[in-house]
Structures are given as C-alpha cells and as structure tokens.
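A structural walkthrough
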Amino acid sequence: MVSEPNRGFSVRTFTLHEILAAVDVRGVLEGLACRLIAESGLRKSTETALDECLRVGRSLLAVGHFDEFSAKRWSEMNEYFHSTILDAADSPPLSAAHALNSKLPLVGAGAIAFSAEEMETAFKFMQTAHAEHERIVTALRQGEAARSENLIREHAYQSRDDLRSALEGKTKNGNI
C-alpha cells in the first residue's frame, strides 16, 4: 500500500525491472553470506541442514516432473536452503538487508512464478537450480570463500533470468 495525499491508499505496483534488480541484490547479499560462512568454517549443523535440502531436492527431481504439490515442496525447500545460508552467516545487518530486499514480490527464494500449465518448464529450471545448490554446498564444505560467493551469485542471476522468462508477456505496461 502506498499513501497518497488527500486520496488515501493505493496498491503499489512493481516493474519487472525493479523485481529483477532486487534478485540481483539478493545474489550479492547471499554471496556475502557464503563468503562469511566459508571463511569462518561450515558448522556441522549448517552442513546437516543443507544436506537435507539437497536430499529433498534430489527426491523431488527423481520423479521426473513437477506438479503443484512438488513445486510447493520445492519452494519450501529452496526457502529453507537460502535462509539456512543467511542464518549461518551470523550477520544481523546482512539478514536485515536481505529481509528488506525480499519484501518485493517474487524476490524471495521461496517464490515460484510458474502456473500449473508451466510445470514442465519449472521442472527444467529446478534441475539447473539443484545442480547449482550441489556446487554451492561443495564449495562451502571445502572452505572456498570466493568460489561459494560467486556460485551463489550466479545462482541468483540464473534465477533472475528464469523469472524474466516466466514473467515476460504477463506484465501489464511493464508492471507486475
């Protein structure tokens, strides 16, 4: 909601450009989180949580397709994967910046912009995302700060491109 003088409130619209730019910011913030984790060492509890996300991702992809239930389950797992990384960085300012940025629609890691008719496309995008998750966790395990930072940034940029593909043609006058 946006306050308009002498008019009350109206629903705020967002442009595709704003949303995609916020996904870029998310990538930078999560990259910093990965760097901090790798530099301080991956805690066993974090590794266990990330391994569980990888296990869930593999099991969802093993079916060979997505339906609305599996897409919802993927969304939950993906949100947990990314929030685990943010939490493990143990940086309140970083978490606050990430939370503020994630208030824009479709920016949070749990957002999926595909309709029921587009589950085949969503499945293909999630196959790529899962492979990226695997590489990110490997880099964190090996304490590779720069590599893990770059991998998760690239992961966010790929998400941005996937989101753009999903939303193009669905926007009205450039607004979501």
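Going along each chain's sequence as written, the residues are numbered from 1 onward. Per-residue local features are limited, in this predicted model, to residues with pLDDT of at least 70; the limit for side-chain atom pairs, both in listing and counting, is 80 or more; totals at the level of whole chains, interfaces and linings are taken over all residues. The side-chain numbers reported here are obtained from all heavy atoms of the structure, hydrogens and water having been left aside.

1. Here we look at the overall build of the protein chain
Basically, it comes down to this: Helix numbering and strand numbering both begin at the N terminus, where a helix is a DSSP run of H or I of at least 4 residues and a strand a DSSP run of E of at least 2. Every residue pair with non-hydrogen atoms within 4.5 Å of one another is taken to be in contact.
Check the secondary structure of the protein chain and you find six helices and two strands. Ordered by position from N to C terminus, the α and β elements of the protein chain give β-β-α-α-α-α-α-α. Pairs at least 24 apart in sequence give 79% of the contacts found in the protein chain among residues at least 6 apart.

2. Re the environment of Ser45
As for its placement among the helices and strands, Ser45 is situated in helix α2 (residues 44-62). When the C-alpha atoms of Ser45 and Thr84 are compared, they prove to be 9.8 Å apart, with 39 residues separating the residues in sequence.

3. Details of helix α5 (residues 119-141)
Quick reminder of the rule: Expected span, for any helix, means 1.5 Å times one less than how many residues it has.
Along its 23 residues, α5 runs 32 Å from first to last C-alpha, staying within 8% of the 33 Å computed at 1.5 Å per residue. Just downstream of α5, Gly143 is the residue with a positive phi angle, here 70°.

Everything listed here is a matter of geometry and, on its own, says nothing about what the molecule does.
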